[in-house]
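So the chains spell out like this:
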Amino acid sequence: MTTKLAPHFGVAALVSGLVAGIAAPAIAGPTYENGSGGTFRYYGQFNPSFQSFDDGSEDFSTVVDNANSNSRIGFWLEQSFGENTLRFNFETAFGLRSSDGVDQNGRPQNISWDRTRIRKVDVQYVTPHYGTFSFGQGSLASDGIAESDLSGTGVIQTSAVADSAGGFLFRSSTGALSTVSIGSAFRSLDGGRLGRVRYDTPEFSGFTVSASYGEEILRSNSDREAYDIAVRYTNDDLGDFTVNGALGAVWNENGPGTKTRDIVASFAALHEPTGVSLAVAAGDRDTGGDYGFAKLGYTANFLSVGATSFAVDYYDGSDMVTSGDNAESWGVAAVQNFDNLNLETYVAYRDYSYSDTSGTSFQDSSSIMAGARWKF
């Protein structure tokens, strides 16, 4: 087995960045008021990680931005009008090299920002009686519906298992790279973000219903359109349990003859006295492709600095790339919180396997991610 490692300065940069993050004070973006019910607040996060990927024949290591929750910065402007509120949210990723953008053929630049890194340019009108109306670049109604989770490990471990190494390709038993990527074989079918109009109802007994229609406005030569509907539920008043869940349907079109319909659901429950949690998710695409995901977590206060969380998960998908294929993955993760620093440190291991009906045998692969997310 041969090994390809990133230059030493990459690992050194990660270590020095983590040390600086731990030593830095917890800087929370202040809220500025205009005296007439208006406020301005900024926020952000930095989430560097060391990524190591083993495709069965070679190892690849580098420093990346964690795609599970990428580094970003943004701000909120809010102005109240009686009981109603007008809000504006701008948010952009920093454009750092993403963990799902590296593959065996190379690594993107350390920093590469363009307009596709803009996450939100969103105007919202919030009313207590009629709900929230949103316009602009932002989350579709179905964004996040596959990721209900109360384990405390969401910074590195979700149903979007490809975020840790989605660009890498499976290698055949002969050692040749295939055309099947981790990202294409392991999908969560989550809704994502587009330029859209969206409506969210007020909360009724823990339930919220959302609907949206959107188009791709940031990428050139893209004809994607989508409309969706989602239902979410949250309840933290069930005795010793907290639960949340989501169910949604997304209709996508990427040009003539490319219509798909995805149905996605997820549910999570936490037993507060023991810290034990369970999360499940499932999705189905009408033109082919379905998966199931399950995760068992445990959170405890071993250290005075903050909660420690552990989780193990399993993903099983089929027909995502070709009819009759199968993709399986399992992973383990640990997250340590440092509450006074607004910091989470983490490490995670994930194993991937893939098979199809072509007669080609594919080698198993694995990834390791270790890093820290600092919020400000």
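Residues numbered from 1 in each chain as written. Predicted model: local features only at pLDDT ≥ 70, side-chain atom pairs only at ≥ 80, totals over all residues. Heavy atoms only, no water.

**Some thoughts on the overall build of the protein chain**
Stated precisely, the cut-off is as follows: In this text, helices come from DSSP runs of H or I with a minimum length of four residues, and strands from runs of E with a minimum of two, each type numbered from the N-terminal end. Every radius of gyration here is taken over C-alpha atoms, with the globule rule written as 2.2 Å times N^0.38, N being the number of residues. Pairs of residues are marked as contacts when any of their non-hydrogen atoms sit within 4.5 Å. In short, Shrake-Rupley with a 1.4 Å probe defines the accessible areas, and a residue's cover is counted only from the protein chains shown. Two residue types count as positive, namely Lys and Arg, and two as negative, namely Asp and Glu; His and chain ends fall outside the count. Each charge is placed at NZ for Lys, CZ for Arg, CG for Asp and CD for Glu.
Each helix and strand in the protein chain was counted, giving 2 helices and 22 strands. For the protein chain, the C-alpha radius of gyration of 21 Å lies close to 21 Å, the compact-globule estimate for 376 residues. C-alpha atoms of the protein chain, sized along the principal axes, occupy 70 × 55 × 45 Å. By sequence separation, contacts in the protein chain at least 24 residues apart represent 59% of the contacts at least 6 residues apart. Surface exposure of the protein chain reaches about 17,400 Å², of which carbon and sulfur atoms provide 57%. In the protein chain, 25 positive and 44 negative side-chain charges are present, and the distance between their average locations comes to 6 Å.

**Here's the deal with the side chain of N244**
Note the following rule: Between buried and exposed lies partly exposed: a residue is buried under 20% and exposed over 50% of the maximum accessible area for its type, with that area taken using a 1.4 Å probe on protein chains only.
Relative to the elements of secondary structure, N244 occurs in strand β15 (residues 241–253). Given a relative accessible area of 16%, N244 falls into the buried group.

**Side note on the pattern of salt bridges**
Stated precisely, the cut-off is as follows: The term salt bridge refers to a pairing of a side-chain nitrogen on Lys or Arg with a carboxyl oxygen on Asp or Glu at a separation within 4 Å.
Scanning the model with the defined rule gives 11 salt bridges in all. Notably, a salt bridge pairs E91 with R72, separated by 3.9 Å at the nearest N-O pair. Of this pair, E91 sits in strand β7 (residues 84–93) while R72 is found in strand β6 (residues 72–81), placing the two residues 19 residues apart along the sequence. By the burial criterion, E91 is buried, and R72 matches it. Between R373 and E344 there is a salt bridge, with its nearest N and O atoms 2.7 Å apart.

**Looking at the nonpolar core**
Short version of the rule: To qualify as a nonpolar core, a set must consist of buried Ala, Val, Leu, Ile, Met, Phe, Trp, Tyr and Cys residues joined through side-chain atoms within 4.5 Å.
Formed by 36 residues in total, the largest nonpolar core has its most connected members in I156, F170, I182, F186 and Y291. For this core, the elements supplying multiple residues, two or more each, are β5 (58–65), α2 (182–185), β18 (290–303), β20 (326–338) and β21 (343–355). Here this core gets 4 residues from one element, more than from any other, and that element is β21. Sequence-distant contacts of Y291, defined by excluding residues within four places in its chain, comprise A146, R187, S188, L189, V264, A281, A282, G283, Y315, D316, G317 and M320. If you look at the next biggest cluster of nonpolar residues, it comprises 5 residues, including L341, L343, A372 and F376.

**Observations regarding the pairing of strand β22 (residues 365–375)**
Counted only if it meets this: Between any two strands, at least two bridges found by DSSP are needed for them to pair.
Counting buried residues along β22, 8 of its 11 residues qualify, which places the element largely inside the surrounding structure. Both strand β3 (residues 38–46) and β22 contribute to a ladder of 2 bridges, which runs antiparallel. When the bridges of β22 are listed, F46 appears paired with W374. Inspection of the sheet shows strand β4 (residues 48–54) paired to β22 by 6 bridges, in the antiparallel sense. Within β22, the residue paired with F53 across the bridge is S367.

**Observations concerning the confidence of the model for the protein chain**
Rules: Confidence of the prediction at every residue is given by pLDDT, a number between 0 and 100.
Per-residue confidence for the protein chain averages 92 on the pLDDT scale, and 92% of its residues sit at or above 70. In the predicted structure, residues 1–27 sits below a pLDDT of 50 and forms 40 contacts with residues beyond four places in sequence or in another chain.

**Some remarks on the packing of aromatic side chains**
Threshold: Here the aromatic set is Phe, Tyr and Trp, taking the six-membered ring for Trp, and pairing holds for ring centres within 6.5 Å; pairs whose planes are under 30 degrees apart are stacked, those over 60 apart are edge-to-face, and all others are tilted.
A full pass over the atoms with the stated rule returns 20 aromatic pairs. Taking 5.3 Å as the distance between ring centres and 55 degrees as the angle between the ring planes, the aromatic pair formed by F186 and Y315 counts as tilted. Highlighted residues: F186 in the loop between α2 and β12 (193–200) and Y315 in strand β19 (residues 306–318), separated in sequence by 129 residues. By relative accessible area, which is 3% here, F186 ends up buried. Cluster of aromatic residues (ring-pair linked, three or more members): F53, F60, F168, F170, F186, Y291, Y315, Y352, Y354 and F362.

**Observations concerning unusual backbone geometry**
Here the phi dihedral of S205 falls at roughly 50 degrees; this positive angle occurs in a residue that is not glycine. Tracing the backbone through its elements, the reader meets S205 in the loop between β12 and β13 (207–215). Unlike most non-glycine residues, N342 shows phi in positive territory, near 55 degrees. As for its position among the elements, N342 is in the loop between β20 and β21. Looking at N342, the relative accessible area reads 32%, which means it is partly exposed.

**A look at the side chain of S164**
With respect to the secondary-structure elements, S164 resides in the loop between β9 (131–139) and β10 (169–171). Exposure remark for S164: the relative accessible area of 7% places this residue in the buried category. Sequence-distant contacts of S164, that is, excluding residues within four places in its chain, are made with Q51, N68, S99, I156, Y352, S367 and M369.

**Here's the deal with a negative patch on the surface**
Just so we agree on the cut-off: A patch consists of residues whose relative accessible area exceeds 30% and which take part in no salt bridge; residues with like charges are grouped when within 9 Å of each other, and nonpolar side chains (Val, Leu, Ile, Met, Phe, Trp, Tyr) when within 5 Å.
Among the surface-exposed residues, D236, D237, D240 and E272 lie close enough to one another that they form a single negatively charged patch. Locating D237 in the fold gives a position in strand β14 (residues 225–238).

**Describing the environment of I73**
With respect to the element layout, I73 can be found in strand β6. For I73, a relative accessible area of 34% corresponds to the partly exposed category. C-alpha separation for the pair I73 and G331, spaced 258 residues apart in sequence, amounts to 29 Å. For I73, the contacting residues outside a window of four places in its chain are Y43, G44, F90, E91, T92, F94 and F376.

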